[in-house]
Amino acid sequence: MKHFPISCLAATFLLADVESAVFRSSNSLRTQQLLRHEDPLENVTTDGALSLLMKPIRIVRTGKDRKDDDKVRESDHVVAQGCGVTMKVSSSSKKHDRCPNDCPFYAQDRTDTDFCTFRCVPEKECTDMNPNTPIGDTEHGICRSCVVEGCNVCDNSVNVDRCKSCQAGYYLKDDGLCYFKYGGNWVYVVGGALAALAILVVFWLVEWMFRPTVNEGGLRYALKVREAQKLKGKKDENGERSQYPLTTNLMREQVAGPGMTLHFNFQMFLMVWAVFVAMVWICFASFVDEDLWTLGTRKFGTPRSNCILVAWGYETQQALMWTKVAFLWIVYIGSFLLCFGYGVYQLRTFQDVDFQHKTMKDFVAMIIGLPAVEGSKNVEEELKSTIETYSNVPMVGVSVAWDFKAYEEQVMQAVKEDVEAIEKQEQEAMSPVRPPPEMNIVRKFLFKLEQAIFGIEPVEEGASEIHDPRHPEDNAAPEGEKIEDILVNLRTSPRAFAVFKTQEDRDKVVEMTAQLGGFEYEGATGIEMVTFEAEPDTVQWQYFGHSTKSEKAMRIAVGFGVILLACLFWAIVFYSPYAYYVMTFNYENG
């Protein structure tokens, strides 16, 4: 072997080595049983572990050998092995060797107690070695069982591909082949329905393209809203804001806050880490042993070639085991050091961005220790006045964190309706609401379908006022407690947010409360103010007042419980049917 350069070891690390997983087990008995292929058809109904053990090795690999397969076959030659002579294969055996013309088929010798032993026999003697392999395959030069899709038990009385009984979901015909039960006219019916639906969708889209524009104001409003959603750069000398170019470095340029910058730094870290992983494997394969390129990727095939391949893989794996150990050391140590450095880099990046840009949180302090006050009082104004008197610093206002977890659905629905009403009023100012124009029967049908799909409220003829969800004539009173009564009966949580005109004013008041031990409000003393890192749009308002240790522990427990239930659902609904299929499917018969 060539010497491995220290520079490659120091510079790179790897992902887990999956190439040689098929050869990983060092249990000699299990390996021998796999190589043996003992009676796969006779053990189909045994328990799961035994049936999996007794299955023939699946021919699913598509990797190529180091030499082109077709070129290797040109050098096939008849082995110096007489008919009826048992020979044991090893890693040095050539998998493309063929038997003599008088006995051209390899058959597993089931008459001895050794493993990976084969005998050259004529086709009529195939069943003497294994009664389940009556067919002489001239292409592969082996004795095999029938290859029929969906077959459960082969018809071993003949030496052609013929099935005796089919698997569930298949039925047997006189030609000895298995056919899928559940095919038929329903396939064409479903296909025709899907084709008709596709034609309708295409027609619908084409009809959209040719519709006249009848609501210019609504179109302008929609384009304005869409334009407002786009990320744009700073204003130029003309006061215009243009979109960012495609060459923008999102790891450095502030486009949508520090979160996006940190996210793209994370993406780059993953790519760099993956390159290092690939480089260490390239170094090992290039300077240690070239078999590392092909270990675990060479093609499976006949039982004899499988025996040769597994023996070669086992010996190669044992000889190169030290590379795996070195791999793992590099992975875990290198990953730890890189992740540690990456975490420090991300923290410094965020701190640098936060220092260079002022955001809303830089003008806000969190008030901690408020008493529970009823919603009937004007708490915000009272707090603002109290803090201004206490600190002699003018404020913008106070936003109280109300304890509304029990009424979250009603409160959020009311907020949603208020926002919708404001948006509709703005839209009405640009384009008055009016009924749709006259339409032909096809367009009218499609328009009603669009209203049903997209939740568009129909507008009656003569309508001139915008629909206001808060208006009592438009909406029936909701069932249960009214929103006004809910808001009056709410209580404040121990926290609120004080908004100042400048960052310096905020820092001054925070420092003052820390030095003087806080201020007093509604009989509660020691109310303090602190700075925090959260932006307003990241605050979970509904959880204020529910942040005790027991409540946090309960939420964590519920989260883990949901994850476990999801894993259980996946295991039962998805994995179990797959595992049952793998454990019971007979690969020997096609």
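Residues numbered from 1 in each chain as written. Predicted model: local features only at pLDDT ≥ 70, side-chain atom pairs only at ≥ 80, totals over all residues. Heavy atoms only, no water.

1. As for unusual backbone geometry
Right, on to step 1. Located in the positive-phi region is C116, a residue other than glycine, with phi close to 55 degrees.
Right, on to step 2. Within the element layout of this structure, C116 appears in the loop between strand 2 (105-108) and strand 3 (117-121).
Right, on to step 3. Phi angles above zero are rare outside glycine, and N392 is one such case at about 60 degrees.
Right, on to step 4. For N392, the location among the structural elements is in the loop between helix 12 (379-391) and strand 13 (395-403).
Right, on to step 5. The exposure class assigned to N392 is exposed, which follows from its relative accessible area of 69%. (Helix = DSSP H or I, 4+ residues; strand = E, 2+ residues; numbered from the N terminus. Buried < 20%, exposed > 50% of the residue type's maximum accessible area, 1.4 Å probe, protein only.)

2. Some remarks on the packing of helix 8 (residues 258-287) against helix 11 (residues 321-356)
Describing two packed helices takes the angle between their axes plus the distance from one axis to the other.
Right, on to step 1. One can describe the packing of helix 8 onto helix 11 by two numbers: an axis separation of 11 Å at closest approach and a directional angle of 160 degrees. The pairing of helix 8 with helix 11 is recorded here as roughly antiparallel in orientation. Judged by the twist between their axes, the crossing of helix 8 over helix 11 is right-handed.
Right, on to step 2. When grouped by side-chain class, the residues that make up the contact of helix 8 with helix 11 number 18 nonpolar, six polar and no charged. (Axes fitted to C-alpha atoms, helices over the stretch in contact; angles between N-to-C directions. Parallel < 35°, antiparallel > 145°, perpendicular 65-115°, else oblique. Left-handed = near helix turned anticlockwise from the far one by under 90°. Nonpolar A, V, L, I, M, F, W, Y, C, P; charged D, E, K, R; others polar.)

3. As for the sheet that holds strand 16 (residues 524-530)
Right, on to step 1. The strand order across the open sheet built from five strands is 13-14-12-16-15, with neighbouring strands paired in antiparallel fashion. In the strand order of this sheet, the two ends are held by strand 13 and strand 15 (519-521), each with one partner. Put simply, the sheet's adjacent strands are angled 35 degrees from each other on average, direction ignored.
Right, on to step 2. Its contacts with the sheet put helix 12 on strand 12 (364-368), strand 13, strand 14 (491-500), strand 15 and strand 16, and the angle it makes with strand 13 is roughly 130 degrees.
Right, on to step 3. On top of the sheet, helix 16 (residues 503-516) reaches strand 12, strand 14, strand 15 and strand 16; it is set at about 140 degrees to strand 16, its chief contact. (Pairing = 2+ DSSP bridges. Contact = heavy atoms within 4.5 Å.)

4. Details of the packing of helix 10 (residues 303-319) against helix 11
Right, on to step 1. Two elements in contact, helix 10 and helix 11, have axes separated by 4 Å at closest approach and are oriented at 55 degrees. The pairing of helix 10 with helix 11 is recorded here as oblique in orientation. On helix 11, the residues that touch Q317, Q318 and A319 of helix 10 are M321, W322 and K324.
Right, on to step 2. The class makeup of the residues in the contact of helix 10 with helix 11 is three nonpolar, two polar and one charged.

5. Quick notes on the state of the cysteines
Right, on to step 1. Applying the stated criterion across every chain, the model contains seven disulfides.
Right, on to step 2. A sulfur-sulfur separation of 2.0 Å characterises the disulfide bridge that pairs C166 with C178. Measuring handedness by torsion sign, the sulfur bridge of C166 and C178 sits at about -90 degrees and is left-handed. Highlighted residues: C166 in strand 7 (residues 163-166) and C178 in strand 9 (residues 178-180), separated in sequence by 12 residues. For the residue pair C166 and C178, the accessibility class agrees, reading buried in each case. (Disulfide = S-S within 2.5 Å.)

6. Re the environment of W281
Right, on to step 1. Along the chain, the position of W281 falls in helix 8.
Right, on to step 2. Since its relative accessible area comes to 15%, W281 is described here as buried.
Right, on to step 3. Between the alpha carbons of W281 and W293 there is a distance of 8.8 Å; along the sequence they are 12 residues apart.

7. Description of the packing of aromatic side chains
Right, on to step 1. Inspection of the entire model under this criterion finds 18 aromatic pairs.
Right, on to step 2. Measuring from centroid to centroid gives 6.3 Å for F266 and Y342, while their planes differ by 50 degrees, and the two rings are tilted. In this pair, F266 sits in helix 8 while Y342 sits in helix 11, placing the two residues 76 residues apart along the sequence.
Right, on to step 3. The class for F266 is partly exposed, based on a relative accessible area of 33%.
Right, on to step 4. Ring plane angle 35 degrees and centroid distance 4.8 Å describe the contact between W281 and F327, whose orientation is recorded as tilted. Placement of W281 in helix 8 and of F327 in helix 11 is noted, with a sequence separation of 46 residues between them. Here W281 matches F327 in class, with each residue buried.
Right, on to step 5. Put simply, the rings of W281, F284, W322 and F327 touch in pairs and so form one group of aromatic residues.
Right, on to step 6. Lying over the aromatic face of Y179, K173 brings its terminal NZ or CZ to 4.6 Å of the ring centre.
Right, on to step 7. Sitting over the face of the ring of W312, R298 holds its NZ or CZ atom 4.3 Å from the ring centroid. (Phe/Tyr/Trp six-rings, centres within 6.5 Å; stacked < 30°, edge-to-face > 60°. Lys NZ or Arg CZ within 6 Å of the ring centre and 35° of its normal.)

8. A word on a positive patch on the surface
Right, on to step 1. Judged by side-chain charge, R495, K549, K552 and R555 come together as a positively charged surface patch.
Right, on to step 2. Counting residues per element, the positive patch draws most heavily on helix 17 (residues 549-584), which supplies three residues.
Right, on to step 3. Tracing the backbone shows K552 in helix 17. (Patch = residues over 30% accessible without salt bridge, like charges linked within 9 Å, V, L, I, M, F, W, Y side chains within 5 Å. Areas by Shrake-Rupley, 256 points an atom, 1.4 Å probe, with all protein chains shown as cover. Salt bridge = Lys/Arg side-chain N within 4 Å of Asp/Glu carboxyl O. Lys, Arg positive; Asp, Glu negative; His and termini not counted. Charge placed at Lys NZ, Arg CZ, Asp CG, Glu CD.)

9. Re helix 8
Right, on to step 1. Taking 1.5 Å as the rise per residue, helix 8 with 30 residues should run 44 Å; its terminal C-alpha atoms sit 43 Å apart, in good agreement.
Right, on to step 2. Within helix 8 the residues assigned to the buried category are T261, N265, F269, V277, V280, W281, C283, F284 and A285. (Expected span 1.5 Å × (residues − 1).)

10. Brief notes about the side chain of S493
Right, on to step 1. Within the element layout of this structure, S493 appears in strand 14.
Right, on to step 2. Of the polar contacts made by the side chain of S493, one reaches the backbone oxygen of A401; its length is 2.5 Å.
Right, on to step 3. Setting aside chain neighbours within four positions, we find S493 in contact with L370, A401, W402, D403, F544 and G545. (Polar contact = N/O pair within 3.5 Å; in protein donor to acceptor, adjacent residues only side chain to side chain.)

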